[in-house]
Amino acid sequence: MLLLLLRTLLGAIFGAIIQCMMRMVVDTNVFVAALRSADGAAREVLRRWLSGRYDVCMSLPLFAEYRDLLGRHALFATSPLDQEERQALFHALMAASRLVDVYFLWRPNLPDEADNHVLELAVAASAHAIVTHNTSDFRRAELRFPNLAVLTPAELLSED
């Protein structure tokens, strides 16, 4: 009986912690910015993602986009991380993410078609925010989702 009570209590505590974490989608341009610089807001977002402070959601299309970027070696010529370190970071970030299935598409919606899957993931995940350096395209969406903020990494950190 005591074990059941303890499990219930721990489940409630864990559930409350999960609800307090900000659920978000981190756009690939934040990932690239973090890999190209040892400092800055984008790098801090990744640190907080890895530490479990943020509930970051991932879909298969976004995962594929992240993975594809790692193959663009010229993009990371000035990165403080070598290829092996970037791969290890990518795997750690994916392990710290929540995979969300997207069942509904909201198209056409954004000026850049390639960004639609990020918005669709955020809506499917009931995310609080999309973290991106490309705020202008997301803010010009044809459909509005009033509970979804579009924030730069710096804006996210200032709210946290």
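Here the structure is a predicted model, which is why all the values come from computation and not from measurement.

A.B. asks: Please explain the pairing of strand β1 (residues 22-26) as it appears in this structure.
C.D. replies: Regular strands have side chains that alternate between both faces of the sheet. Burial runs high along β1: four of the five residues are buried. As paired strands, β1 and strand β2 (residues 54-58) are joined by three bridges and run parallel to one another. Among the inter-strand pairings, M22 is bridged to a residue of β2, identified as Y54. In the sheet, β1 pairs with strand β4 (residues 129-131) via three bridges, with the strands oriented parallel. Its bridge partner being in β4, V25 is matched across the sheet by I130.

A.B. asks: When you look at unusual backbone geometry in this model, what are you seeing that I'm missing?
C.D. replies: Glycine aside, residues mostly have negative phi angles, and peptide bonds mostly take the trans form. You will see that S126, though not glycine, has its phi angle at about 55°, which is positive. One can find S126 in the loop between α6 (116-124) and β4. A relative accessible area of 49% places S126 in the partly exposed class.

A.B. asks: Teacher, can you tell me more about the confidence of the model for the protein here?
C.D. replies: Detailed conclusions should not be drawn from predicted coordinates in areas where pLDDT is low. Looking at the protein, the pLDDT average stands at 86 and 87% of residues meet or exceed 70. In the model of the protein, helix α1 (residues 2-20) stands out as the element of lowest mean pLDDT, 50, in contrast to β2, which has the highest, 97.

A.B. asks: Which parts of the structure should I look at to understand the nonpolar core?
C.D. replies: M24, V25, V26, F31, L46, W49 and Y66 are the most contacted members of the largest nonpolar core, which totals 44 residues. The greatest single-element share of this core, amounting to five residues, is contributed by helix α2 (residues 28-36). If we skip the residues at most four places from it in the chain, V25 touches C57, L62, V118, L121, A122, A127, A129, I130 and V131.

A.B. asks: Sorry, what's going on with the environment of F90 here?
C.D. replies: Position of F90 among the secondary structure elements: in helix α5 (residues 83-95). Residue F90 is classed as buried on the basis of its relative accessible area, which comes to 2%. F90 sits 20 residues away from L70 along the chain, and the two C-alpha atoms are 8.5 Å apart.

A.B. asks: What should I look at first to understand the pattern of salt bridges in this one?
C.D. replies: Note that side chains of opposite charge can pair when their charged atoms are close. Evaluated as defined, the whole model comprises seven salt bridges. Note that D137 and R140 form a salt bridge whose closest N and O atoms lie 3.2 Å from each other. Salt-bridge contacts for R139 lead to E155; the nearest nitrogen and oxygen are separated by 3.4 Å. Here R139, found in helix α7 (residues 135-139), pairs with E155, found in helix α8 (residues 153-159); they are 16 residues apart in sequence, far enough to count as distant. Accessibility expressed as a relative area gives 40% for R139, which makes it partly exposed. Under the relative-accessibility criterion, E155 is labelled partly exposed at 30%.

Calculation notes
- Residues numbered from 1 in each chain as written.
- Predicted model: local features only at pLDDT ≥ 70, side-chain atom pairs only at ≥ 80, totals over all residues.
- Heavy atoms only, no water.
- Buried < 20%, exposed > 50% of the residue type's maximum accessible area, 1.4 Å probe, protein only.
- Helix = DSSP H or I, 4+ residues; strand = E, 2+ residues; numbered from the N terminus.
- Pairing = 2+ DSSP bridges.
- pLDDT = per-residue confidence, 0-100.
- Core = buried A, V, L, I, M, F, W, Y, C linked by side-chain atoms within 4.5 Å.
- Contact = heavy atoms within 4.5 Å.
- Salt bridge = Lys/Arg side-chain N within 4 Å of Asp/Glu carboxyl O.

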